Amino acid sequence: MMVRSMLRAGAWPAVTGVSGAAVVAGGCGIAFPAAATELFPIAFTLLAAAAAFTLDEPASPVVDVTPTGPLQRTAIRSLALLAPLAAGALLMLAGALRGLVLPWAAAGLALAGNVVLGFAVACVARTRTGEPGAPASAAVVLILMTPTLLPPVARWVSTFPPSGGGLSSNTVWWTVLAVCVAAVAVSVSGRPLPRRLPGTGITIGRDLTS
Amino acid sequence: MTAALAPARPGAAADRTTFVALAARETRRFAVNPVFLFAVVMTAWTTWDYRKAPANAVGTGNWYPWIFLGGFGMMATFWLTRSMRDSEPVVGVTPTTLPARTAALCTVAIVPFLCGVLTLFAFLHFHPAGARVYGAFSPPAQVAVLVGQIVIPSLGGPLLGVALGRWVRFPGAALVLSLILFGWVNVATFGSLSHPDSAAFTALRLFSPFAFFTYMNNAADVTTWRGSPWLFIGWQLALCATAVLVALLRGADGRVRFRVTRTLSIVLVVAAILLVLAATGGFPHAVHA
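Residues numbered from 1 in each chain as written. Chains lettered and ligands numbered in written order. Predicted model: local features only at pLDDT ≥ 70, side-chain atom pairs only at ≥ 80, totals over all residues.

A. Broad picture of the overall build of chain A. Tallying secondary structure elements over chain A gives 10 helices and 2 strands in all. In chain A, the succession of α and β elements from N to C terminus is α-α-α-α-α-α-α-α-α-α-β-β. The buried share among the 210 residues of chain A stands at 40%. If you take every contact in chain A between residues at least 6 apart in sequence, the share linking residues at least 24 apart comes to 68%. (Helix = DSSP H or I, 4+ residues; strand = E, 2+ residues; numbered from the N terminus. Buried ≥ 20, exposed ≤ 12 C-beta atoms within 10 Å, placed from the backbone. Contact = placed C-beta atoms within 7 Å.)

Structure, rendered in structure tokens:
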């Protein structure tokens, strides 16, 4: 009962809408194989942005004081990640059937990494705000598009296979996955992160007695 | 001979004063927006960084002002427009109408436009017109290409952000649209790479707010694609006008709505004509040099 009502309250239009936009972008990459290496990273970035909206809770002032803890709430809401993951898997399947030559195992890892990164940033932002979707997706898009927008960065780090010079895509995503799992674990542990009251310099949420 | 002069409407001067004050306030808010400041810094850095770029990198160098001043400028104006949404119950009862406030928001696009002009001058300083990398175009047409790639997108992106902010409630709309536009420019350009003489692929490449006009495979092989850079600027300006009119349509009623709708339909027809002319103008086929 609670699972159903929590899922129903999710930002489904945002999650499915952005995932749909990702399918359109990736679909163009499948239709024009020459552009696939440009459009698949854009599609995966959109899926990361979609994942960042899964924790949006407009009624957070009410929900956050209920006995249901952040761990349980986050676990239930994480089911919504199936939407971007399914959209990405669909794109990869369609690409493979169309005969696109990509390292699919590495692409699968990149998909998982993108989605988990979006979710992890949203988890951390959720400790500060009830609707972390917009700022978290903006941050994730900026991070993920940097190598595409700035070729000098792409020489150091690759976020989508096949990797260029510098850190390979697999290394990047395994590291990101590890960091994201730790970040999610800390953010749902129930301990409020320290926050600064605007204009006062006073930090609240930190135990000063210890 | 006598001339009968109609007395000026007493509210007109007050409306103008209010509009100027609003426009100045919005411009100040926009100029200190962190997203816009980031875009300005990145544009300056990439222009400076590419000053000694090899010839084949100049084409990609033009890409950054569009991404930063246009794309990030769009996000900044989108958030600027949305920032007043929560205050609407209070602001909505003031005598200033929503179209007037939208018009004031649209004026902030002057700031990124001026940044685009400065970037164009810097780009021309580092890569003077007449260089071989600009293809077979005449020097004035080469400047037109750069204006279409650097200056006009810096104006159009922020205007699109205002229109989007007025009509779309989804907070991530500007991000999603910027990614989709980025992907679309890639898709639209790839056809011209394999079929440079195709009229259909030329039209597809120009059916976009940003377009490349040359392709450089290596230093010895520059391909100048079909299409008129001058008429493409006209198409881009028609897109800018469309964005402004769509933004003004929100909250317009009565006579203002009728005027905006009528002007919008005219602008759309002009835009379609300019797109066709831009695609059929220029060289009759791709020129290799």
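B. Structural detail: the overall build of chain B. Along its length, chain B carries 12 helices and 3 strands. Taking 289 residues into account, the globule formula puts the C-alpha radius of gyration at 19 Å, and chain B, at 21 Å, falls close to it. In terms of principal-axis extent, the alpha carbons of chain B reach across some 65 × 50 × 45 Å. The proportion of buried residues among the 289 residues of chain B is 44%. Considering only contacts within chain B whose residues lie at least 6 apart along the sequence, 81% involve residues at least 24 apart. (Rg over C-alpha atoms; globule rule 2.2 N^0.38 Å.)

C. Main features of the nonpolar core. Core analysis: the largest hydrophobic core is formed by 131 residues, its most contacted members being Leu46 and Leu47 of chain A. At 13 residues, helix H9 (residues 173–194) of chain B tops the list of elements feeding residues into this core. If sequence neighbours within four positions are ignored, Leu46 of chain A has contacts with Val18, Ala21, Ala22 and Ala25 of chain A together with Val176 and Leu179 of chain B. (Core = buried A, V, L, I, M, F, W, Y, C linked by C-beta atoms within 7 Å.)

D. Geometry of the interface of chain A and chain B. In this complex, chain A contributes 21 residues to the contact, which on the side of chain B involves 13 residues. Elements with a minimum of two residues in the side of chain A that touches chain B: helix H2 (12–31), helix H3 (36–51) and helix H8 (133–149) of chain A.

E. View of the confidence of the model for chain A. Residues and elements named next belong to chain A. Overall, the prediction assigns chain A a mean pLDDT of 82, with 88% of residues at 70 or greater. Predicted confidence in chain A is weakest over strand E2 (residues 203–204), with a mean pLDDT of 46, and strongest over helix H6 (residues 82–98), with 93. Low pLDDT (under 50) marks residues 203–210, which in the prediction has 9 contacts with non-local residues, meaning those over four places away or in another chain. (pLDDT = per-residue confidence, 0-100.)

F. Representation of the pairing of strand E2 (residues 221–224) of chain B within the structure. All names here are of chain B. Side chains of E2 alternate between two faces, with Val222 and Thr224 buried and Asp221 and Thr223 left unburied. Relative to strand E3 (residues 287–288), E2 is paired through 2 bridges, and the arrangement is antiparallel. Looking at E3, one finds that Thr223 is bridged to His288. (Pairing = 2+ DSSP bridges.)

G. Inspection of the environment of Val40 of chain B at higher detail. Here Val40 of chain B shows up in helix H2 (residues 34–49). The sequence separation of Val40 of chain B and Gly70 of chain B amounts to 30 residues, and the corresponding C-alpha distance is 10 Å.

H. Highlighting the environment of Leu177 of chain A. Residue and element names in this part refer to chain A. For Leu177, the location among the structural elements is in helix H10 (residues 169–187). By C-beta crowding, Leu177 is classed as partly exposed, having 16 other C-beta atoms within 10 Å. Residues Leu177 and Ala48, 129 residues apart in the sequence, show an inter-C-alpha distance of 13 Å. For Leu177, the contacting residues outside a window of four places in its chain are Ala112, Gly113 and Val116.

I. How the structure looks around the packing of H3 of chain A against H9 of chain B. Closest axis-to-axis distance for the H3 of chain A/H9 of chain B pair is 10 Å, and the angle between their directions is 170 degrees. With respect to their mutual orientation, H3 of chain A and H9 of chain B come out roughly antiparallel. Side by side, H3 of chain A and H9 of chain B meet where Glu38, Leu39, Ile42, Thr45, Leu46 and Ala49 of chain A of the first sit next to Leu175, Val176, Leu179, Phe182, Gly183, Asn186 and Val187 of chain B of the second. Of the residues contributing to the contact of H3 of chain A with H9 of chain B, the split by class is 9 nonpolar, 3 polar and 1 charged. (Axes fitted to C-alpha atoms, helices over the stretch in contact; angles between N-to-C directions. Parallel < 35°, antiparallel > 145°, perpendicular 65-115°, else oblique. Nonpolar A, V, L, I, M, F, W, Y, C, P; charged D, E, K, R; others polar.)

J. The packing of H2 of chain B against helix H4 (residues 63–82) of chain B, seen in detail. All names here are of chain B. Two numbers describe how H2 lies on H4: the axes approach to 8 Å, and their chain directions differ by 175 degrees. Taken together, the axes of H2 and H4 lie roughly antiparallel to each other. Residues Val35, Phe36, Phe38, Ala39, Met42, Thr43 and Thr46 of H2 touch H4, and the partners they reach there are Tyr64, Pro65, Phe68, Leu69, Phe72, Gly73, Met75, Ala76 and Trp79. Here the contact of H2 with H4 is built from residues that sort into 13 nonpolar, 3 polar and no charged.

K. Highlighting H2 of chain A. Counted at 1.5 Å a residue, the expected span for H2 of chain A with its 20 residues is 28 Å, and the 28 Å between its end C-alpha atoms agrees. Packed against the buried residues of H2 of chain A are H3, H6 and H8 of chain A together with H9 of chain B. (Expected span 1.5 Å × (residues − 1).)

L. View of the confidence of the model for chain B. Residues and elements named next belong to chain B. Chain-level pLDDT for chain B is 86 on average; 91% of the residues reach the 70-or-more range. Mean pLDDT values for the elements of chain B range from 62 in helix H3 (residues 58–61) up to 96 in helix H11 (residues 229–249). Confidence metrics for the complex model read pTM 0.82 and ipTM 0.71.

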